[in-house]
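Fold and geometry: a report
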Amino acid sequence: MVVSYDKLWKMLIDKKMKKVDLMRTAKISSNALAHLSKDESVSVEVIGKICLALECTPNDIMEFSNNVTEESTSK
């Protein structure tokens, strides 16, 4: 299963926020921000802080998908 934070980046654009603004507002570390930027897993605490800061739910900022490519489904 793969996590994507594309919804988060879209939300930041809509709110005219930069990643640094998110880091400061949500009080998350630069390390956590780096993991988010690479679509890597972060702790539930980080997700919670972001959701509180942006007044949203986890579903608004992230989504999961199966790591299945089109090639493997066509065989």
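Our subject is the structure that appears above.
Residues numbered from 1 in each chain as written. Predicted model: local features only at pLDDT ≥ 70, side-chain atom pairs only at ≥ 80, totals over all residues. Heavy atoms only, no water.

1. Some points on the packing of aromatic side chains
Overall, the coordinates contain 0 aromatic pairs when judged by the stated rule. Positioned over the ring face of Trp9 is Lys19, at 4.4 Å from the centre of the ring. (Phe/Tyr/Trp six-rings, centres within 6.5 Å; stacked < 30°, edge-to-face > 60°. Lys NZ or Arg CZ within 6 Å of the ring centre and 35° of its normal.)

2. Section: a negative patch on the surface
A contiguous patch of negative charge, built from Asp6, Asp39, Glu40 and Glu63, is present on the exposed surface. For Glu63, a relative accessible area of 39% corresponds to the partly exposed category. (Patch = residues over 30% accessible without salt bridge, like charges linked within 9 Å, V, L, I, M, F, W, Y side chains within 5 Å. Areas by Shrake-Rupley, 256 points an atom, 1.4 Å probe, with all protein chains shown as cover. Salt bridge = Lys/Arg side-chain N within 4 Å of Asp/Glu carboxyl O. Lys, Arg positive; Asp, Glu negative; His and termini not counted. Charge placed at Lys NZ, Arg CZ, Asp CG, Glu CD. Buried < 20%, exposed > 50% of the residue type's maximum accessible area, 1.4 Å probe, protein only.)

3. A few points about the nonpolar core
Formed by 21 residues in total, the largest nonpolar core has its most connected members in Leu8, Leu22, Ile50, Leu54 and Ile61. With 5 residues, helix H4 (residues 44–54) is the largest single contributor of residues to this core. Beyond its immediate sequence surroundings of up to four residues, Ile61 is in contact with Ser4, Tyr5, Lys7, Leu8, Met11, Ile47, Ile50, Cys51 and Cys56. (Core = buried A, V, L, I, M, F, W, Y, C linked by side-chain atoms within 4.5 Å. Helix = DSSP H or I, 4+ residues; strand = E, 2+ residues; numbered from the N terminus. Contact = heavy atoms within 4.5 Å.)

4. What to know about the environment of Met1
Take Met1: it is sitting in the segment before strand E1 (2–4). With relative accessibility at 75%, the residue Met1 sits in the exposed group. Through-space distance from the C-alpha of Met1 to that of Asn67 is 5.4 Å; in sequence the pair is 66 residues apart.

All we've got here are geometric facts, nothing functional implied.
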